[in-house]
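# Observations on the model geometry
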Amino acid sequence: MEPFIGGLMALADPQLLVLIFAATLAGVIIGALPGLNATTGAALLLPFTITMDPIPAIAILTTIYCAATFAGAITAILINTPGTSASATTCLDGYPLAQRGEAGRALGMATVSSTFGGIISVVCLMAAAPLMARAAYNFAPPEYFALTVFGLSMLATIGDGSPVKNLIAGALGVLAATVGKDLLTTVERFTFGMSELTEGIGFVPVMIGLFGISELLVQADRLTVERRQVIMKAVKLPSREDYGKVWKTILRSSGIGTFIGILPAEGATVASMIGYNEARRWSKTPEEFGKGAIEGIAGSEAANNSATGGAMVPTLALGIPGSPTAAVILAGLMIHGLQPGPTMFTEQAEFAFAIFWAMLFVNILFIFIGLFGAKLFARITFVPVQILWPIVFTFSIVGAYALDQSFLDVWIAIGSGILGYFMRRFGYSVVPLAIGLILGGMVEKRLGQSLIMLDDQWWLMFTRPLSLLFFALTFLALFGPLLWRRVFTQRDPLKSMGE
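Read on for an overview of the structure. All values reported here derive from a predicted model rather than from experimental measurement.

Calculation rules
Residues numbered from 1 in each chain as written. Predicted model: local features only at pLDDT ≥ 70, side-chain atom pairs only at ≥ 80, totals over all residues. Heavy atoms only, no water. Salt bridge = Lys/Arg side-chain N within 4 Å of Asp/Glu carboxyl O. Helix = DSSP H or I, 4+ residues; strand = E, 2+ residues; numbered from the N terminus. Phe/Tyr/Trp six-rings, centres within 6.5 Å; stacked < 30°, edge-to-face > 60°. Buried < 20%, exposed > 50% of the residue type's maximum accessible area, 1.4 Å probe, protein only. Lys NZ or Arg CZ within 6 Å of the ring centre and 35° of its normal.

Looking now at the pattern of salt bridges. The final tally for this structure, using the stated rule, is 6 salt bridges. The salt bridge involving R100 is made with E102; its shortest N-O contact spans 3.2 Å. A salt bridge links E278 to R281; its shortest N-O distance comes to 2.8 Å. Taken together, the residues E278 and R281, both in helix 12 (residues 268–282) and 3 residues apart, mark about one turn of the helix. One connected set of salt bridges, linked through shared partners, spans R100, E102, R105 and D242.

A full pass over the atoms with the stated rule returns 10 aromatic pairs. Note on Y421 and F422: the rings are 5.3 Å apart at their centroids and 75° apart in plane angle, and the pair reads as edge-to-face. Since its relative accessible area comes to 45%, F422 is described here as partly exposed. Taken together through their ring pairs, the aromatic side chains of F145, W458, W459, F462 and F471 make up a single cluster. K165 extends its terminal NZ or CZ atom over the ring of Y428, reaching a point 5.2 Å from the ring centre.

With that out of the way, let us pick up unusual backbone geometry. Positioned with a positive phi, F190 is a non-glycine residue whose angle comes to about 55°. The topology assignment puts F190 in the loop between strand 2 (188–189) and helix 10 (203–219). A positive phi angle, close to 60°, is found at D455, a residue other than glycine. Take D455: it is sitting in the loop between helix 18 (431–453) and helix 19 (465–488). Exposure remark for D455: the relative accessible area of 57% places this residue in the exposed category.

Set out below in structure tokens:
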């Protein structure tokens, strides 16, 4: 109970509240701008949080995460262009409603659904993260190694590309994590005589390049795209009839989103798709979906916003990012010397609960921002891209340089951006590469500790029940879909005999 109250007291700092409010506005702007998303925003702001204390730094990153996810609905409804991929399903019913002159009603439903979904997920986060950490508290290095390997196996499903391409990108990230001094042997590897690489390739410039600069290059191909905005008078709260239609949908989608968010490597986009499909499946009027069904907006928005809290459960409790943006937040935790895992809820419990309370506060702010500011933020979508993206590029370069005042970091950011651009052009997702870089150092460290603990008898890891369980889950994650297809796509034996 003391950490619970202590975290709330830490949030009572007026300066921190002002920072969170400003970050919420910034996150809404980022989420409302087509092309930018929560991951890009968090990556761009990551270097500017380095000099802050841990609580405000991580609170800002999580605020950006929640706010940008919420704001994607604004452009999805008004201009049929989702601000973030997590709001893509919101377009299906939000824009038709807006075309019928009910844009205010659609935005009101999106605001209420987002708020409730976010609050429910944070409450689940407060309850589930400490329990998960307590279960993992007795983990030894072999269990942590097996868990991290399992986290790497989830890279096959986290990106937009094929599983094989995602694993290739993840392996490239793990390879990049080997640059620098080996923590166990102090041997320098792949530094090419550059002293700046002794400590390895930094997370910050790579994140900025992969998510910021590569997006700039991608958007450069879309300069001629025109966007048409629907006229909206004011945002309206849902009517009693609307609440009667959607309250079950909101609860169902909030549960789905939280659960999907907890699964490593899934995230808000997957949650929104499943939430939308389940809303249509359980609806009494499924034929209205795609034509302006208010339940479709509720199902999508409650699910994608609840996934943000769910994604932070494995991130904080196990050190395994639950989404691409959670990977950036994990990098921020490590930069500030915070070790996600069971010890966070014993040695730094007040910090963890301060972050929980910050996320809860942000989700409550959505009601006021959505109702009174949506019309204003919608106008931001018409900032000329010829102005927007040079600003993004400037922030990227300044952010990459600001961390260590190193021009090598600037070149790493630019190189990562060019690499990310070509990866995306050829169907490779950049997300597995980023997570591979983060988890690569962890898996190497845990492997070394395990070998020391087991006196180099690595096979003993398979005699430990929890390690064996995680290795089995890894095998299923990698080969389960292939085996499933092979078994169930074979021709029916009886039919074959008949032929």
